[in-house]
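Reading the structure
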Amino acid sequence: MFGVKRFFKKWRKGKARPPGEEVSTEAIRHAFTKRYLSFKTLLSTNNEVLEIINELEQAFRGSRSFGMSFIRAHCTAISVNMYKIIDNLNQIADYRYKELFETLEGVLAKIYQELAHKKGEHPGELVLPLEAVDKRMADQVGTKMANLGEVKNRLGLTVAEGFVITSSAYERFMEHRDLQEEINRRIQFLEPENIARLHEASAEIQQLIINAPLPPGLEDAITRAYTELMAKVGEGVNVSLRSSALGEDTKNASFAGQYRSVLNVNQEHLIISYKEILASKYSVPATAYRLNKGFRDEDIAMCVGCMAMVNAEAGGVMYSVDPGNIRHEYIIINAVRGLGKSVVDGSITPDVFVLSKDHPKDILKKEIVPQRQKLVCDAAEGICLIEVVGEEKSCPAITEEQAALLGELALRLEEHFGEPQDIEWVLEPNSSISILQSRPLIVLGEELVGLKDVPPSKVGLPVLLTGGVTASPGVASGPAFVVATTVDMLQFPHGAVLVTKNPLPQWAALLNSAVAVVTDRGGVTGHLAAVAREFKVPALLGSSNATRDIHNGDLITVDADGRTVYAGRAESLLQKEAEKTSLMQGSPVHTTLDTVLKYIAPLNLTDPDAQNFTPEGCQTIHDITRFSHEMCLRSLFDFKRDTSFPGHLAKRLVFNVPMQWWVIDLDGGCREGVEGDTVSLEDIISSPMLTLWEGITAIPWKGPPPVDTKGFLSVMYGATMDRSLVPGIRSRYGERNYFIISRNFCHLSSRFGFHFSTVEAFFGERIAENYICFIFNGGGADPIRRERRANLIKLILGKYDFWVQVKGDLVFARIERQEVDFLKERLKVLGHLVMHTRQLDMVLSNSARVNWYVEETLKELSTFVDIPR
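Residues numbered from 1 in each chain as written. Predicted model: local features only at pLDDT ≥ 70, side-chain atom pairs only at ≥ 80, totals over all residues. Heavy atoms only, no water.

**As for helix 4 (residues 99-115)**
Stated precisely, the cut-off is as follows: Strands here mean DSSP runs of E at least two residues long; helices mean DSSP runs of H or I at least four residues long; both are numbered from the N terminus. To estimate the expected span of a helix, subtract one from its residue number and multiply by 1.5 Å. Burial here depends on accessible area, computed with a 1.4 Å probe over protein chains only, as a share of the maximum for the residue type. Under 20% is buried, over 50% is exposed, and the range in between is partly exposed. The directions from the helix axis to the C-beta atoms form the arc being described.
End to end, helix 4 covers 25 Å across 17 residues, agreeing with the expected 24 Å (1.5 Å per residue, within 8%). Within helix 4, the full set of buried residues consists of Leu-100, Thr-103, Leu-104, Val-107, Leu-108, Ile-111 and Leu-115. All buried residues of helix 4 fall inside an arc of 125 degrees around its axis, so they share one side. In helix 4, those exposed residues whose orientation departs by more than 90 degrees from the buried face are Glu-102 and Gln-113.

Below, the structure written as structure tokens:
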């Protein structure tokens, strides 16, 4: 309970207070808030680390270009976040896990030993001509320009002439006159939450860069490259300058659109435009992203591509597949008259062409939109918006023949890079097509508006389900096997598809036998998702209805990339999967990432009860995150400690329900202005408490169940073993039931007779931070009947997606990382169980009685809980 119990215990045992002096409510709130914030920080930081691991694994398995800077930046981000995780764990757990720091340092030492002395090609070049650039040079020119050099020099497609101002040039500029040191001073105390200061610092830093002189040699190098460009293209050629930062190759192109590009620049303004793009690295969104992710500022070098400006007849963007579903086998082209910038920024509605991927000359659909304006290059410099006149405004921006040619180019780019591409293109006055950019396509997860009437390609098999998230890419086929219990695990056959409700860490033991994974719940940052990527097992998580629609023995094909499960064996998809190759495979950078990932991604600690589940047992970064997460939750629920609370902090809840209920409002759980020593339900605004209370009061408690002679004797035995009933010792019958609340948080600590229960919940805007935890133990009967009641609770909670662990008469259950609406219904279940399972241990004389009460309880819950079973 975030150390609040420990705080109260120390407070009672501490120095005697002067007469009349009481511990302040603010002191209690401060102690609680400190633990609570540490817990929230640990959860969110743990999520960040798992996302970074996912990015590294996707880079290793995918086809996009990356360099050593990508690996170093991500390893640094992991290091920063891991220290934060361990520090917050120790704050929660009274510094019981300080040895984790030594474990982490040992793992990091192995990682950085692999990264030491790894240098890229041409490390000292300030400027490189585009014809010297390919995918291997992402460290020197950034991923965007490395890909464009690959398109020009390896694939032989038309790309405008140009050059790249490299990362070495950027580093020399930032070191000149200690500019980087001055920037570091301004950003070292920035926090992403302080938006006002972020804006202020962003403006200051960008102005510093604009005003800074270039170091000796850099301006000459840029001028020489421009002169060489004029020799190729023509005197006085204007150019476009585009950002190509080393951090732009992260998952989901997180920096896309955050850095600046400058179009149609003449020689006079070449240097100032270069500095404007460098300054855009410190835009508010880009700076906030780096701070949130834990990337060091110095690991994100800004390269700049400088290319001859094309006076476009038309331009736009095309996707080599549907971003909403990569299994829809068609190409989508967006086209406008003039420069394609208006497609990217959304200022002009484009024409849309949808082509068959099998036959690009076949136009499946086209939408021609009247275009009354277009962006063009100004005669001197810059770009301007002009009116389209006459019949031109109602004509398509490109012809059907040009659309077909674009479709052919999209197929060539996808084949070369090994994955769907997002491509910027331009149609020149001589009708030739130039490629401006080709990058991995971001899957949107939903159909594009206006394309739903285009028939998708047919796999030729019935679709069992669609949706969810691709936690591990790939396609696989096999018989389905639904796993819900440990017994199911023992029976899991080799070569089957693992189908389960929740992606629990213990299912990871099956991944050496499973060919694919499908779950109802979960996402890409869970532990099972990470292990699936490590084992290269396709995983489709969060599909909602997998356990309902898929049955044991069904032969199915799991298309994790297309987020679809088919009935039967989809040979066409399996063949495509077998033909996949990685563009980076075999390169020194790819080999280094392979080695580094061995110290990062594997999860060895899957069983919290195993003997090696210790700080010393952690062999990888993933192990440390798993251990820290588990120990954090255990530390929050140490129910052996005294839990009484200072009475002057609590208000009695006035409601017509048996037992005494008391409320401690830490911050914003009650409406303002509540005075006196009582509070009504109308005064409560804590969402988790109101939800829990709904479950408590939905069905009135009918009193203790009728007890037979054996049950009575069992209770008598339990009473003789309970010291709380010894005269002179404070009885648990007299304890109150406490709610500790804030607007989004609720902790219930309850004692009903011999029964002790704790419920805790947080409902916030970030799914990764939402959770419910539950503990129940005790009872008045003998140990056998108490254990039956613990198993009864486990059987019920298992029906409602809880992870449940039982030891003797102790039940520990939790749900994490779910939508608020999903959690609310489960919290109602706990409210009902808190009230209606007490004293049931007295009547649970055999397993049949347990099963009968399980069914009766499920019937009661179905009357007010909206959860299909």
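**Notes on the sheet that holds strand 2 (residues 162-165)**
Remark on secondary structure: sheet strands pair via backbone hydrogen bonds, oriented parallel or antiparallel. Cut-off, in case you're wondering: Note on pairing: DSSP must find at least two bridges between two strands before they are called paired. Helix axes are fitted to C-alpha atoms over the stretch in contact, other axes to C-alpha atoms as well, and angles between N-to-C directions run from 0 to 180 degrees. Residue contacts are counted whenever heavy atoms from the two residues lie within 4.5 Å of one another.
Here we have 5 strands laid out as an open sheet, ordered 1-2-5-3-4, and antiparallel in their pairing. With one partner strand each, in any of the chains shown, strand 1 (127-129) and strand 4 (261-265) form the two edges of the open sheet. If you compare each strand with its neighbour and ignore which way they point, the axes differ by 20 degrees on average. Bridging between strand 2 and strand 5 (residues 302-308) involves 4 bridges; their strand directions are antiparallel. Bridging from a neighbouring strand, Ile-165 pairs with Val-304 of strand 5. This element, helix 10 (residues 270-279), spans strand 2, strand 3 (239-245), strand 4 and strand 5 of the sheet and lies at about 25 degrees to strand 3.

**Side note on the confidence of the model for the chain**
How we decide: Think of pLDDT as the predictor's per-residue confidence, scored from 0 to 100.
Confidence along the chain averages 83 in pLDDT terms, with 84% of residues attaining 70 or more. Predicted confidence for residues 639-644 stays below pLDDT 50, and this span has 16 contacts to residues more than four positions away or in other chains. Across residues 709-734 the pLDDT falls below 50, and counting only partners more than four positions away or on other chains, this stretch makes 35 contacts in the model.

**Brief notes about the packing of helix 23 (residues 820-836) against helix 24 (residues 847-862)**
For clarity, the threshold we go by: Note on terminology: angles under 35 degrees are roughly parallel, angles over 145 are roughly antiparallel, angles of 65 to 115 are roughly perpendicular, and the others are oblique. Each crossing is labelled by how the near helix is turned from the far one, with a counterclockwise turn of less than a right angle marking it left-handed and a clockwise turn marking it right-handed. Charged means Asp, Glu, Lys or Arg here, nonpolar means Ala, Val, Leu, Ile, Met, Phe, Trp, Tyr, Cys or Pro, and polar covers whatever is left, Gly included.
At a minimum axis separation of 11 Å, helix 23 and helix 24 run at an interaxial angle of 130 degrees. The angle between helix 23 and helix 24 falls in the class oblique. Seen from above, helix 23 lies across helix 24 with right-handed handedness. The residues of helix 24 that touch helix 23, namely those facing Val-829, His-832 and Leu-833, are Thr-857, Glu-860 and Leu-861. Tallied by class, the residues present in the contact of helix 23 with helix 24 amount to 3 nonpolar, 2 polar and 1 charged.

**Remarks on the pattern of salt bridges**
Test applied: Salt bridges are defined by distance alone: a side-chain nitrogen of Lys or Arg within 4 Å of a carboxyl oxygen of Asp or Glu.
On inspection of all chains with the given rule, the structure shows 31 salt bridges. Its salt-bridge partner being Arg-826, residue Asp-801 comes within 2.4 Å of it at the nearest N-O pair. Here Asp-801, found in the loop between helix 22 (783-798) and strand 29 (803-807), pairs with Arg-826, found in helix 23; they are 25 residues apart in sequence, far enough to count as distant. There is no split in this pair, since Asp-801 and Arg-826 are both buried. One salt bridge connects Glu-825 with Lys-828, and the closest N-O pair in it is separated by 3.2 Å. Note that Glu-825 and Lys-828 are positioned in helix 23 at a spacing of 3 residues, about one turn of the helix. The class for Lys-828 is buried, based on a relative accessible area of 9%.

**Quick word on the nonpolar core**
Where a protein is soluble and globular, its nonpolar side chains tend to be buried together. Cut-off, in case you're wondering: Grouping buried Ala, Val, Leu, Ile, Met, Phe, Trp, Tyr and Cys residues that are joined through side-chain atoms within 4.5 Å yields what is termed a nonpolar core.
Counting 95 residues, the largest nonpolar core has Ile-333 and Ile-398 as its most contacted members. Top contributing element to this core by residue count: helix 9 (residues 218-233), with 7 residues. When residues no more than four places from it in sequence are discounted, the contact partners of Ile-333 are Val-317, Met-318, Asp-351, Val-352, Phe-353, Leu-355, Ile-398, Ala-403, Leu-406, Gly-407 and Trp-425.

**Let's talk about the packing of aromatic side chains**
The condition is simple: Each aromatic pair joins two rings of Phe, Tyr and Trp (for Trp, the six-membered one) with centres within 6.5 Å, and gets the label stacked for planes under 30 degrees apart, edge-to-face for over 60, and tilted for any other angle.
If you walk through the whole model with that rule in mind, you get 11 aromatic pairs. Judged by centre distance (5.3 Å) and plane angle (90 degrees), the rings of Phe-655 and Trp-693 are edge-to-face. Here Trp-693 lies in helix 20 (residues 687-697) and Phe-655 lies in the loop between strand 22 (651-654) and strand 23 (661-667), a separation of 38 residues in the sequence. With a centroid separation of 6.0 Å and an interplanar angle of 65 degrees, the aromatic rings of Trp-693 and Phe-739 are classed as edge-to-face. Of the two residues, Trp-693 is situated in helix 20 and Phe-739 in strand 25 (residues 737-742); the sequence distance between them amounts to 46 residues. Given the relative accessible area of 2%, Trp-693 is considered buried. Linked through ring pairs, Phe-655, Trp-661, Trp-693 and Phe-739 together constitute an aromatic cluster.

**A word on the environment of Ser-280**
Inclusion rule: Here a polar contact means two N or O atoms within 3.5 Å. Within protein one must be a hydrogen donor candidate and the other an acceptor candidate, and residues neighboring in sequence count only if both atoms are side-chain atoms.
Its location among the elements puts Ser-280 in the loop between helix 10 and helix 11 (284-293). With 22 residues separating them along the chain, Ser-280 and Met-302 place their C-alpha atoms 9.3 Å apart. Polar side-chain contacts of Ser-280 include one of 3.0 Å to the backbone nitrogen of Arg-260.

**A few points about helix 9**
Taking 1.5 Å per residue, 16 residues should reach 22 Å; helix 9 reaches 23 Å between its end C-alpha atoms and fits that length. Residues Leu-218, Ala-221, Ile-222, Ala-225, Tyr-226, Leu-229 and Met-230 constitute the buried set of helix 9. Packing partners of the buried residues in helix 9 comprise strand 1, strand 2, helix 6 (167-175), strand 3, helix 10 and strand 5.

**Some points on the environment of Arg-569**
Within the secondary structure, Arg-569 is located in the loop between strand 21 (564-567) and helix 17 (571-578). Residue class for Arg-569 comes out partly exposed when judged on its relative accessible area of 43%. For the pair Arg-569 and Val-558, spaced 11 residues apart in sequence, the C-alpha separation works out to 9.2 Å. Ignoring sequence-local partners within four residues, the contact set of Arg-569 consists of Leu-461, Ser-477, Leu-555, Thr-557 and Leu-574. A polar contact of 2.7 Å, which involves the side chain of Arg-569, links it to the side chain of Glu-571.

**Focus on the pairing of strand 8 (residues 351-356)**
For strand 8, a buried count of 6 out of 6 residues is recorded, marking the element as mostly surrounded by other parts of the structure. Side-chain alternation along strand 8 places Asp-351, Phe-353 and Leu-355 on one buried face and Val-352, Val-354 and Ser-356 on a second face that is also buried. As judged from the 6 bridges shared by strand 7 (residues 330-337) and strand 8, these two strands associate in the antiparallel manner. Within strand 8, the residue paired with Ala-335 across the bridge is Asp-351. Here strand 8 pairs with strand 9 (residues 363-367) via 4 bridges, running antiparallel. For Val-352, the partnering residue across the bridge sits in strand 9 and is Glu-367. Counting the residues that bridge the hairpin from strand 8 to strand 9 gives 6 residues.

**Here's the deal with the packing of helix 3 (residues 68-92) against helix 18 (residues 588-597)**
Running from N to C, helix 3 and helix 18 point in directions that differ by 20 degrees, and their axes come no closer than 9 Å. Overall, the two elements helix 3 and helix 18 adopt an arrangement that is roughly parallel. Here helix 3 and helix 18 pass one another in a crossing that is left-handed. Within the contact between the two elements, helix 3 uses Met-68, Ile-71 and Cys-75 and helix 18 uses Val-589, Thr-592, Leu-593 and Val-596.

**Notes on the sheet that holds strand 14 (residues 463-466)**
As summarised here, the arrangement of the 8 strands in space is 14-21-20-16-17-18-19-15, forming an open sheet in which the pairing is mixed. Whereas interior strands pair on both sides, the edge strands pair on one side only; in this sheet they are strand 14 and strand 15 (469-472). Going across the sheet, the axis of each strand differs from the next one's by a mean of 30 degrees, ignoring polarity. In the sheet, strand 17 (residues 497-500) pairs with strand 18 (residues 516-519) via 4 bridges, with the strands oriented parallel. Opposite Thr-500, over in strand 18, you have Thr-519 as the bridge partner.

**So, the state of the cysteines**
Note the following rule: By convention in this document, the label disulfide applies to cysteine sulfur atom pairs within 2.5 Å.
The final tally for this structure, using the stated rule, is 0 disulfides. Free cysteine Cys-377: the closest other cysteine sulfur is in Cys-384, separated by 8.4 Å.

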